[in-house]
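Here are the chains, one letter per residue:
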Amino acid sequence: MTLGIGIIGYGFMGRTHAQSWIEARTMGIDCELRAISARRQDIATSGAGNLSTGADVLQLPAYVAIHQDAESVLNDDAIHIVSICTPTDTHVELACAA
């Protein structure tokens, strides 16, 4: 079974997690990045996270769903693992929801 991956928060750390999950898949781990939640759609769809330099842009696969809220990722039955990449003070609530 392919593990569906969701990322909540797509700033610097969210982009770092996305890159790691994509690399894990290319190394043969049976996982697939399927969804990201980001308050700003333009940042998520650019692939840069909150980084602005062209060298830091990560090309997200076209099938990755972009959501504006964490609930959409958490309620997606295709998501089995969630990377929580939001400010630290939000982690407990999101981890409990996950």
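Keep in mind that this is a model prediction, so the values were computed, not measured.

Trainee: Could you give me a rundown of helix H1 (residues 12–26), with the residues and numbers involved?
Mentor: Compared with the 21 Å implied by 1.5 Å per residue over 15 residues, the 21 Å span of H1 between its first and last C-alpha is a close match. Here H1 has its buried residues at Gly14, Arg15, Ala18 and Ala24. Residues of H1 that are buried in the fold lie against strand E1 (3–8) and strand E2 (31–37). Once H1 ends, the next one or two residues include Gly28, with phi positive near 100 degrees.

Trainee: Could you give an account of the side chain of Arg34, with specific residues and numbers?
Mentor: Within the secondary structure, Arg34 is located in strand E2. Among the polar contacts made by the side chain of Arg34, one reaches the main-chain carbonyl oxygen of Ala78 at a distance of 2.8 Å. In this view, Arg34 contacts Thr2, Gly4, Ile5, Tyr63, Val64, Ala65, Ala78, Ile79 and His80; residues no more than four positions away in its chain are not counted.

Trainee: A description of the pairing of E1 should follow, citing residues and the corresponding values.
Mentor: When you tally the buried positions in E1, you get five out of six residues, the bulk of the element. Note on the crossover from E1 through H1 to E2: the handedness is right-handed. Bridge count for E1 against strand E4 (residues 81–84) is four bridges, and the pairing is parallel. Looking at E4, one finds that Ile8 is bridged to Ile84.

Trainee: Residue-level account of the nonpolar core, with values.
Mentor: Residues Ile5, Ile7, Tyr10, Ala18, Ala24, Cys31, Leu33, Ile36, Ala38, Leu58, Val64 and Cys85 constitute the largest nonpolar core, which totals 12 residues. Within the residue set of this core, elements represented by two or more residues are E1, H1 and E2. Counting residues per element, this core draws most heavily on E2, which supplies three residues. By size, the runner-up hydrophobic cluster in this structure holds six residues, among which are Ile8, Ala70, Val73 and Leu94.

Calculation rules
- Residues numbered from 1 in each chain as written.
- Predicted model: local features only at pLDDT ≥ 70, side-chain atom pairs only at ≥ 80, totals over all residues.
- Heavy atoms only, no water.
- Helix = DSSP H or I, 4+ residues; strand = E, 2+ residues; numbered from the N terminus.
- Expected span 1.5 Å × (residues − 1).
- Buried < 20%, exposed > 50% of the residue type's maximum accessible area, 1.4 Å probe, protein only.
- Contact = heavy atoms within 4.5 Å.
- Polar contact = N/O pair within 3.5 Å; in protein donor to acceptor, adjacent residues only side chain to side chain.
- Right-handed = clockwise from strand over helix to strand, strands pointing away.
- Pairing = 2+ DSSP bridges.
- Core = buried A, V, L, I, M, F, W, Y, C linked by side-chain atoms within 4.5 Å.

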